[in-house]
Each structure stands twice: as structure tokens, then as C-alpha cells.
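# Per-entry structural report
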Amino acid sequence: KPIDPAVLGELLNRIAAKIRDLGPHSAAIVPIPRMPATGGAQALAQVAPGTPLFDVSALLERLDGDEAFMHELLGIFIDEASSRREAFGKAARDRDLEAIQKQSHALKGSALSLCANPVGVTAGAIEAACISGRKSGIDLDAVFPPIAARLEELDGLIGSTAEAAAQIARIK
């Protein structure tokens, strides 16, 4: 899951301070607050049209400036792009909301981890629509057309993002 290093550091510092205050045998009684994950519903709602496919500076910050690791991660995204597109295509042809939901969830996580927010946002919207459609019990013929439209948008975004990743990976 995408984790904001600053939030993680703050959380660990608060826990360590509480443990220091309570003494060496108190670790078991310190309540551990939940850390908010980055890229949640609030972050997804804030991505505007025209947002770059990758936020390279944010990705490098997340990776402590390790460009070699960034290039490796982008290479993995590129390598997986065609199989992801095929999996989404098969699930769409089969009108399989559960498969689309699972694929969308996985892509959302990896895209947001790579600071590829437009892909993450679109995958998150598809995932939410699948969950809503499955829970509502509404006829698949009513639920599926808007999901299919978003899948077409996502397919284009995956392709564009893979191309952008390849361009970034060539820049050293």
C-alpha cells in the first residue's frame, strides 16, 4: 500500500515517546493509532484532469532519491501493462464484476505506489463501481455499461502510462 514516509515517521515518534513516558515494560499497553494510507478516497477525489501520468518528483521522494530503483519499478509496470490490459479485457468480455473489481484493486495499489495517480484514480473508480454494483443487486445490464466505459478509459491510461514509464526509465 502507498505509505507516506512523513506520516509513518510521525506515528513511530509518537509511539516511541509514549513508550518512553510509560517505561520499559509498557510496550504491550500502548494503544497503536491507525496510520492513514496515502491515496485513499480523499486523495482520489482530488486528482484533477490534466494531472501528469506520473509524479516523478513524488516517486523519487518516496524512494529516497533512488533513481535505479525507480527505473526498476517502472520496468515492472511496463512489463505487466499488456497482461493487465488482457486481464481487464477478458473480465469485461465475460462481464465478470468480481474479476474486474480484483484487477482494479491490484492496479490501484500499484499505480498509487508509483505515483501514477490518473491510473490509480480510474482503477479506484472502477473498483468502487463494481463493489456498488455487486452489493446493490441491480441488474448487470444496468450496472455494466458505465463500468465498461471506464474500462476503455483505463485501457488507454495503462498504455499511455506504460509509454510514459518507458520514457522516464530512459532518462538517467
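This text gives an overview of the structure that appears in the document. (Residues numbered from 1 in each chain as written. Predicted model: local features only at pLDDT ≥ 70, side-chain atom pairs only at ≥ 80, totals over all residues. Heavy atoms only, no water.)

## Some thoughts on the overall build of the protein chain
Formally: We count a stretch as a helix when DSSP gives it H or I for four or more residues in a row; a strand needs E for two or more, and each element gets its number in order from the N terminus. For every residue, the accessible area (1.4 Å probe, protein chains only) is compared with the maximum for its type, and the residue is labelled buried under 20%, exposed over 50%, or partly exposed between those bounds. Here a residue-residue contact requires only that any non-hydrogen atoms of the pair lie within 4.5 Å. Using a 1.4 Å probe, the Shrake-Rupley method yields the accessible areas, and only the shown protein chains count as cover for residues.
Helix and strand content of the protein chain: 7 helices and 0 strands. In the protein chain, which comprises 172 residues, the share counted as buried stands at 33%. Within the protein chain, contacts between residues separated by at least 24 positions form 71% of all contacts whose residues are at least 6 apart in sequence. Of the roughly 10200 Å² that the protein chain leaves accessible, carbon and sulfur atoms contribute 56%.

## Description of the packing of aromatic side chains
To keep it simple, the criterion reads: Ring pairs are drawn from Phe, Tyr and Trp, using the six-membered ring of Trp, whenever the two centres fall within 6.5 Å, and their geometry is named by plane angle: stacked under 30 degrees, edge-to-face over 60, tilted for the rest.
Under the criterion given, the structure shown has 1 aromatic pair. Between F54 and F77, the aromatic rings sit 6.2 Å apart at their centres with planes inclined by 80 degrees, giving edge-to-face as the arrangement. In this pair, F54 sits in the loop between α2 (41-45) and α3 (56-62) while F77 sits in helix α4 (residues 67-94), placing the two residues 23 residues apart along the sequence. Residue F54 is classed as buried on the basis of its relative accessible area of 7%.

## Regarding helix α6 (residues 117-136)
Spelled out, the test is: Each helix should span, by expectation, one fewer than its residue count multiplied by 1.5 Å.
Between its first and last C-alpha atoms α6 spans 28 Å; for 20 residues at 1.5 Å apiece the expected length is 28 Å, and the two agree. Within α6, the full set of buried residues consists of P118, V119, G120, V121, T122, A123, G124, I126, E127, C130 and G133. Of the residues flanking the end of α6, it is G137, one or two places downstream, whose phi is positive at about 75 degrees.

## Quick word on the packing of α4 against helix α7 (residues 140-170)
Stated precisely, the cut-off is as follows: Every angle, taken between N-to-C directions, lies between 0 and 180 degrees, and every axis is a line fitted to C-alpha atoms, over only the stretch in contact when it is a helix. An angle counts as roughly parallel when it lies under 35 degrees, as roughly antiparallel when it exceeds 145, as roughly perpendicular when it falls between 65 and 115, and as oblique in every other case. Left-handed describes a crossing whose near helix is turned anticlockwise from the far helix through less than a right angle; right-handed describes the clockwise counterpart. In the scheme used here, Gly and all other residues not listed as nonpolar or charged are polar, with Ala, Val, Leu, Ile, Met, Phe, Trp, Tyr, Cys and Pro taken as nonpolar and Asp, Glu, Lys and Arg as charged.
The interhelical angle for the contact between α4 and α7, taken along N-to-C directions, is 155 degrees, at an axis separation of 9 Å. It follows that α4 is roughly antiparallel to α7 by the angle criterion. Crossing of α4 against α7: the hand is left-handed. Where α4 abuts α7, its residues M70, H71, L74, F77, I78, A81, R85, F88 and A92 lie against F144, L151, L154, D155, I158, G159, T161, A162, A165, A166, I168 and A169. Its residues assigned to classes, the contact of α4 with α7 comprises 16 nonpolar, 3 polar and 2 charged.

## Focus: the side chain of S104
Residue placement: S104 occurs in helix α5 (residues 97-113). On the accessibility criterion, S104 (0% relative accessible area) is buried. When residues no more than four places from it in sequence are discounted, the contact partners of S104 are F88, A123, I126 and E127.

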